[in-house]
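In case you want the letters, here they are:
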Amino acid sequence: MHEKIIILDFGSQTTQLIGRRVRELNTYCEIVPFNKFPLDDPTVKGVILSGSPYSVNDANSFKADLTAIRGKYPVLGICYGAQFLANTSGGKVESADSREYGRAHLTYINNDDKLLQGIDCGSQVWMSHGDTITVLPESFRIIASTDDVRAAAYQIEGENTWGVQFHPEVFHSTDGTLILDNFLHICGCSKDWTPASFIESTVAELKEQLGDDKVILALSGGVDSSVTAVLLNRAIGKNLTCIFVDHGLLRKNEFENVLKDYEHLGLNVIGVDAKKKFYSELAGITDPETKRKIIGKGFIDVFDEEAHKLKDIKWLGQGTIYPDVIESLSITGTVIKSHHNVGGLPEKMNLKLVEPLRLLFKDEVRRVGNELGMMPHLIKRHPFPGPGLGIRILGDITPEKVRVLQEADDIYMSLMREWGLYDKIWQAGAILLPIRSVGVMGDERTYENTIALRAVTSTDAMTADWAQLPYDFLAKVSNEIINKVKGVNRVVYDISSKPPATIEWE
Ligand code: XMP
């Protein structure tokens, strides 16, 4: 078992970011709700308290019992975390008169302090809270200040406990990573958590957990399920059977290409062509959530049918990754769209779940895939939603609309690769709009469909910016689509960010 840092989540938007930074420093960490500290875990080396949308003075703010933590482990409180420590030790936190939001600079630093080793006066930090600590408890020693915030950082005397009012995890705190690294050093972390060590320990654990049991796994062509399959294959070989369903809503030629890749990787995979079933069940359906439900249920039916042809299956493999896990544990989460493609599967099939990537972030999954020797095009693949083109054809779905969208999308994605843009983008795709407009081609009047192009940059799909693709590129894509795809006479580019828009249109 790897040593770990525990991050107690008080609901801040940057909690995940703390986790990512710690992992980037080759140290394993887990994010748990503020009141779920794992008391009996011998692998815990230190604890970080996150920020929060609340003020410590709010009646409904999150309050953790730290008696079993303080003094036993090194602790670092960030923003709310720092205020919470001060407030519960007899200090005072108040709404600040002069609020310091955004960039600030450390104008005083105690360089003898272990947390601030190597950080110079003037270092830029990022502040983001309306409150400030106005009275520090007696044993708290100020170790850094800014012009407006005296207690920008403190240490508690006689205790390995620190608090920082700013956010070391965000990019704009220029020495933030160094501060986190210093903290890991204080915790005595060996910083040897790498993709290779993850693979070695996960394969060993999977062997132990699964023994000679048989496992079934739904492949989607995406990075997460593919890496899950290769890891499981390494652990249990032919006891893993993968199923790849063609619901008729994949990208052009994707089914054939991805199947070939999987076979090349030595996976035991069954490809199922279920296009007809899906097209007939979706005929005439326009409501987005109903479409998602039909596709999700159809998928479970097909998967279930295939699974029943196999004997003695005990486990269901899934490519769940950490953001999904955090979201389901979340203390503040709201569901905007039903993203879980196969939610009801394990109960229906009476199988146990095995999810070897459940504690990894997306970029870590990619690094593991790389270390496993998987093809770059499979690892760098953009995310693609389970319901596929089904939620990119607005309104009802017909095989003809699927064809039109597949052609347009294929032109867009091929050009994106050709122009070297594919790897710079988080996710891109074409959307077929239920709108026709007038155009002119040669001497003819046309009255045809509109294609919207979408491309976003993001790190986790929770927030996303529309990508500023070059005009030349957009012009080329538009020309090619209108000239080559019968049924399309207009192309538009989506310039909405998330929030308030979402990445997919449905
Ligand atoms: P939204 O549209 O909510 O999408 O901004 C965020 C990310 O999730 C993907 N997405 C899905 N993935 N099943 C999936 O497997 C779904 O039903 C689904 N809906 C959206 C979307 O492509 C983006 O990466």
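As a starting point, this report considers the structure included with it. (Residues numbered from 1 in each chain as written. Predicted model: local features only at pLDDT ≥ 70, side-chain atom pairs only at ≥ 80, totals over all residues. Heavy atoms only, no water.)

**Quick word on the nonpolar core**
Selection rule: Side-chain atoms within 4.5 Å link the members of a nonpolar core, which is a set of buried Ala, Val, Leu, Ile, Met, Phe, Trp, Tyr and Cys residues. A 1.4 Å probe rolled over the protein chains alone gives each residue an accessible area, and that area as a share of the maximum for its type sets the label: buried under 20%, exposed over 50%, partly exposed in between. Going along the chain from the N terminus, every DSSP run of H or I of four or more residues is numbered as a helix, and every run of E of two or more is numbered as a strand. Whether two residues are in contact is decided by their heavy atoms: any pair within 4.5 Å suffices.
Within the largest apolar cluster, 51 residues are counted, with the highest numbers of intra-cluster contacts made by Y412, M416, I451, L453, L469 and I481. Of the residues forming this core, the biggest block, 9 residues, is contributed by helix α13 (residues 399–418). Those residues within four positions of L453 in sequence are excluded, and the remaining contacts are Y412, G429, A430, L474, V477, I481, V491, V492, Y493 and D494. In this structure, V227, L231, L232 and L378 belong to the second largest nonpolar core, which totals 41 residues.

**As for helix α4 (residues 195–210)**
Using the following cut-off: An expected span of 1.5 Å times one less than the residue number is assigned to each helix.
The end-to-end C-alpha separation of α4 is 22 Å, in line with the 22 Å expected for 16 residues at 1.5 Å each. Along α4, the residues that are buried comprise S197, F198, I199, T202, V203, L206 and L210. As for α4, its buried residues are in contact with β12 (214–219), α5 (223–236), β15 (313–317), β16 (352–354) and α11 (362–371). Immediately beyond the C-terminal end of α4, within one or two residues, lies G211, with a positive phi of roughly 50°.

**Comments concerning the packing of aromatic side chains**
Definition in use: When the centres of two rings from Phe, Tyr and Trp lie within 6.5 Å, Trp using its six-membered ring, the rings pair. Their planes under 30 degrees apart give stacked, over 60 give edge-to-face, and anything left gives tilted. Charge over a ring is defined by NZ of Lys or CZ of Arg lying within 6 Å of the ring centre and within 35 degrees of the ring normal.
Using the criterion set out here, one finds 17 aromatic pairs in the structure. Taking the centre distance of 6.4 Å and the plane angle of 80° together, the rings of W193 and F198 count as edge-to-face. Given the relative accessible area of 8%, W193 is considered buried. Feature note: the residues F10, F34, Y54, F62, Y80 and F84 constitute an aromatic cluster, connected by ring pairs. The ring of F361 has R20 lying over it, and the distance from NZ or CZ to the ring centre is 5.4 Å. Directly above the ring of Y422 sits R417, whose terminal nitrogen or CZ lies 4.3 Å from the centroid.

**Here we look at the sheet that holds β15**
Selection criterion: Any two strands with at least two DSSP-identified bridges between them are counted as paired. Note on geometry: axes are lines fitted to C-alpha atoms, helical ones only across the stretch in contact, with angles between N-to-C directions running from 0 to 180 degrees.
The 5 strands are arranged β14-β13-β12-β15-β16 in an open sheet whose pairing can be described as parallel. Each of the sheet's edge strands pairs with one partner strand only, and the pair in question is β14 (269–273) and β16. Strand after strand, the sheet turns through a mean of 30° between neighbouring axes, direction not considered. Where β15 meets β16, 3 bridges bridge the pair, whose relative direction is parallel. In the strand pairing of β16, W315 is matched with K352.

**Quick word on the layout of surface pockets**
The cut-off we apply is this: Buriedness for pockets is judged along seven lines, at least five of which must meet protein on both sides within 12 Å for an open set on the 1 Å grid over protein atoms alone, while cavities are sets there where a 1.4 Å probe fits but cannot get out, and lining residues have an atom within 4 Å of a point. Grid points are joined across faces, edges and corners, and a volume is the space filled by probe spheres set on the points. Think of it as three bins: nonpolar holds Ala, Val, Leu, Ile, Met, Phe, Trp, Tyr, Cys and Pro, charged holds Asp, Glu, Lys and Arg, and polar takes everything else, Gly as well.
In this structure, the second largest pocket occupies an estimated 570 Å³ of space. Forming the boundary of the second largest pocket are 23 residues, of which Y28, E30, F198, E205 and L359 lie nearest the centre. No other element matches α4, which puts 6 residues into the lining of the second largest pocket. Across the lining of the second largest pocket, the residue classes break down as 14 nonpolar, 4 polar and 5 charged.

**Here we look at the side chain of E169**
Rules: Charge counting treats Lys and Arg as positive and Asp and Glu as negative, with His and both chain ends excluded. Within this document, salt bridges are pairs made up of a side-chain nitrogen of Lys or Arg and a carboxyl oxygen of Asp or Glu, the two lying within 4 Å of each other. Nitrogen and oxygen atoms within 3.5 Å of one another constitute a polar contact, given that in protein one can donate a hydrogen and the other can accept it, and given that sequence-neighbouring residues count only through two side-chain atoms.
With respect to the element layout, E169 can be found in the loop between β11 (161–164) and α3 (176–187). In this structure, E169 is buried with no salt-bridge partner, the nearest side chain bearing the opposite charge being R21 at 7.7 Å. A distance of 2.7 Å separates the side chain of E169 from the side chain of T14, its partner in a polar contact.

**A closer look at empty space enclosed by the protein**
This model, assessed by the stated rule, comprises 5 cavities of 30 Å³ or more. Each pocket or cavity is described by its volume, and for the largest cavity that value is around 80 Å³. What lines the largest cavity is simply R23, N26, W193, T194, P195, F198, L360, E364, R367 and V368. For the lining of the largest cavity, the secondary structure elements donating two or more residues are α4 and α11. Ranked by residue count, the leading element in the lining of the largest cavity is α11, at 3 residues.

**Observations concerning the packing of α4 against α11**
As a reminder, the rule being used: Orientation labels follow simple angle bins: below 35 degrees gives roughly parallel, above 145 gives roughly antiparallel, 65 to 115 gives roughly perpendicular, and whatever is left gives oblique.
One can describe the packing of α4 onto α11 by two numbers: an axis separation of 9 Å at closest approach and a directional angle of 80°. Considering their axes alone, α4 and α11 lie roughly perpendicular with respect to each other. In this structure, α4 contributes P195, A196, F198 and I199 to the contact, and α11 contributes R367, V368 and E371. A class-by-class count of the residues in the contact of α4 with α11 yields 5 nonpolar, no polar and 2 charged.

**Comments concerning the packing of α5 against α11**
For the record, the criterion: Working rule for handedness: look at the near helix, and if it is turned counterclockwise from the far one by less than a right angle, call the crossing left-handed; if clockwise, right-handed.
Relative orientation of the contacting elements α5 and α11 amounts to 45°, with a least axis distance of 10 Å. In terms of orientation, α5 lies oblique with respect to α11. Between α5 and α11 lies a crossing of left-handed hand. Every residue of α11 that contacts α5 at V223, D224 and V227 is listed here: K362, V365, R366, V368 and G369. Residues belonging to the contact of α5 with α11 are distributed by class as follows: 4 nonpolar, 1 polar and 3 charged.

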